[in-house]
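Residue-level structural notes
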Amino acid sequence: MSLRMFLSLVHHEWKLKGSWRKLNRSQGFGYGRTIYLAILAIAAVGAASYFAIHGQLKLHQLWGVAIGFPYMLVVMGVLMLRREWENGTFGWWLTLPYSRLSLVGAKFFAAWLRTVVVSCCVYVLISLFAGIIALLVQGYSFEDVWLTMLTGLPLLAIVIGFSPFILSLSLLLATIHYTTLRPISPIFWVVIMGGLSTFYNGFQTFIPNYNVAHQLFSGQPGLWIPNLWAETAGLLISWIVAYLLIRISAYLLERKLSI
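Residues numbered from 1 in each chain as written. Predicted model: local features only at pLDDT ≥ 70, side-chain atom pairs only at ≥ 80, totals over all residues. Heavy atoms only, no water.

**Description of the packing of aromatic side chains**
Per the counting criterion, the structure on display carries eight aromatic pairs. Relative to Trp239, the ring of Phe108 has its centre 6.5 Å away and its plane inclined at 85 degrees; by these criteria the two rings are edge-to-face. Remark: Trp239 occurs in helix H10 (residues 228-255) and Phe108 occurs in helix H6 (residues 100-136); sequence separation between them is 131 residues. Centroid distance Trp112 to Trp239: 5.7 Å. Interplanar angle 75 degrees. Geometry classified as edge-to-face. Placement of the pair is Trp112 in helix H6 and Trp239 in helix H10, with a sequence separation of 127 residues. By relative accessible area, Trp239 is classed as partly exposed at 30%. Taken together through their ring pairs, the aromatic side chains of Phe6, Phe108, Phe109, Trp112 and Trp239 make up a single cluster. Here the guanidinium or amino end of Arg114 rests over the ring plane of Trp14, the centre of that ring lying 4.9 Å away. (Phe/Tyr/Trp six-rings, centres within 6.5 Å; stacked < 30°, edge-to-face > 60°. Helix = DSSP H or I, 4+ residues; strand = E, 2+ residues; numbered from the N terminus. Buried < 20%, exposed > 50% of the residue type's maximum accessible area, 1.4 Å probe, protein only. Lys NZ or Arg CZ within 6 Å of the ring centre and 35° of its normal.)

Below, the structure is given as C-alpha cells:
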C-alpha cells in the first residue's frame, strides 16, 4: 500500500465519530454525553478554585488530571475498533482491498493523532486556568504559572510518547472480543485495567528516583527526567511492542475472526 493511500485511511478513521446506531436510537445521546462531560469539567474547575482560594492548592498539582489519561487511551482504542461492529460496517471494513495490518494500523494512527491533539488542548487549558488563578487569587504568582507549564511538558511527553503501547493494547483487547479467543477477553480486561494503575509509578522499575504520582501531589515537583537515556530506551521499546501488538491484532482478524 502506498503512503498516500494509508494516510487516506487514517484521515477516514480520524473523521468518523462514535456509533451511528446509538445516535439513531436517541437524538439526545450526543447532547447527554456533552452535558455529562460539562458537569465533570465544572466540578473539577469548582474544586480546584475552592482549594486555590483557601490556599490549599499548588498550581502544578492541576496536572493530577493526567492520572486518568491511560484509562482514556484504553477507551479510545477499544471504541476505534468496536464501532465497526456497532455500526454494522465490519463486513465492509474487513473486505476493503487492504491488508488487515493496514486497516488496524490506520485506526491506531488516527487514535494516536487524537491523543496528541487532546493532550495539547489539555496543556493549553490547564496553563490558561493556572494563569487565571494567579491573576485573580492572592498568594499566586506568574512564577507559579511558569512552574506549572514546565511541569506539564514532560508529563505530556510521557503520555504522548508511551500512548502507542496503551492504544495498541486496547486495540488488541477489542480485537480479541470478536475472535475465537473471546473467552479470555474478561481476563485480559482485568489484567490491563489493573496494570494501568501502575502506569506512572511503573517508571520506577527503570528509573528508581522517578515517581510521577508523588511529584504531581507533592509540594515541589522536583526533577522530572533524572535519566533521559533510560526514558528514551523505554520509549523505543514501547513503540516496538506496540507494532508487535498491532500485528497480532491484524493476524487475529485475518485467521481467528468469529462472526
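**Some words on the environment of Leu244**
With respect to the element layout, Leu244 can be found in helix H10. Residue Leu244 is classed as partly exposed on the basis of its relative accessible area, which comes to 45%. Remark: the alpha-carbon pair of Leu244 and Leu169, spanning 75 residues in sequence, is separated by 9.9 Å.

**Quick word on the packing of H6 against helix H7 (residues 142-177)**
Viewed as axis vectors pointing N to C, H6 and H7 meet at an angle of 165 degrees, and their least axial separation amounts to 9 Å. The orientation of H6 with respect to H7, classified from their angle, is roughly antiparallel. As for the relative orientation of H6 and H7, their crossing is right-handed in sense. Considered class by class, the residues forming the contact of H6 with H7 number 20 nonpolar, eight polar and no charged. (Axes fitted to C-alpha atoms, helices over the stretch in contact; angles between N-to-C directions. Parallel < 35°, antiparallel > 145°, perpendicular 65-115°, else oblique. Left-handed = near helix turned anticlockwise from the far one by under 90°. Nonpolar A, V, L, I, M, F, W, Y, C, P; charged D, E, K, R; others polar.)

**Examining the pattern of salt bridges**
A complete count under the given rule lists five salt bridges for this structure. Notably, a salt bridge pairs Glu86 with Arg82, separated by 3.1 Å at the nearest N-O pair. Placement of both Glu86 and Arg82 in helix H4 (residues 69-86) is noted, with a separation of four residues, approximately one turn of the helix. Taking relative accessible area as the criterion, Arg82 reaches 29% and is therefore assigned partly exposed. The salt bridge involving Arg100 is made with Glu254; its shortest N-O contact spans 3.9 Å. Taken as a pair, Arg100 in helix H6 and Glu254 in helix H10 lie far apart in primary sequence, 154 residues in all. Linked through salt bridges whose partners overlap, the residues forming this network are Glu13, Arg83, Glu84 and Lys107. (Salt bridge = Lys/Arg side-chain N within 4 Å of Asp/Glu carboxyl O.)

**Describing the nonpolar core**
With 33 residues, the main nonpolar core has Leu81, Trp85, Trp93, Val104, Leu167 and Leu171 as its most contacted residues. Within the residue set of this core, elements represented by two or more residues are helix H1 (3-15), H4, helix H5 (90-94), H6, H7 and H10. Setting aside chain neighbours within four positions, we find Leu81 in contact with Trp93, Lys107, Leu171, Ala174 and Thr175. (Core = buried A, V, L, I, M, F, W, Y, C linked by side-chain atoms within 4.5 Å. Contact = heavy atoms within 4.5 Å.)

**A short note on the side chain of Ser102**
Mapped onto the secondary structure, Ser102 falls in helix H6. Ser102 sits in the buried class, given a relative accessible area of 13%.

**Observations concerning the layout of surface pockets**
Empty space among the atoms becomes visible once a probe the size of a water molecule is rolled across them. For the largest pocket, the calculated volume is near 1,000 Å³. Forming the boundary of the largest pocket are 24 residues, of which Leu40, Ala41, Ala44, Val65 and Val122 lie nearest the centre. Counting only elements with at least two residues in the lining of the largest pocket, the list comes to helix H3 (29-53), H4 and H6. Considering every element that reaches the lining of the largest pocket, the biggest residue donor is H3, with ten residues. Here the residues of the lining of the largest pocket sort into 21 nonpolar, two polar and one charged. (1 Å grid on protein atoms, 1.4 Å probe; cavity = no way out; pocket = protein on both sides within 12 Å on 5 of 7 lines; lining within 4 Å. Points joined across faces, edges and corners; volume = space filled by probe spheres on them.)

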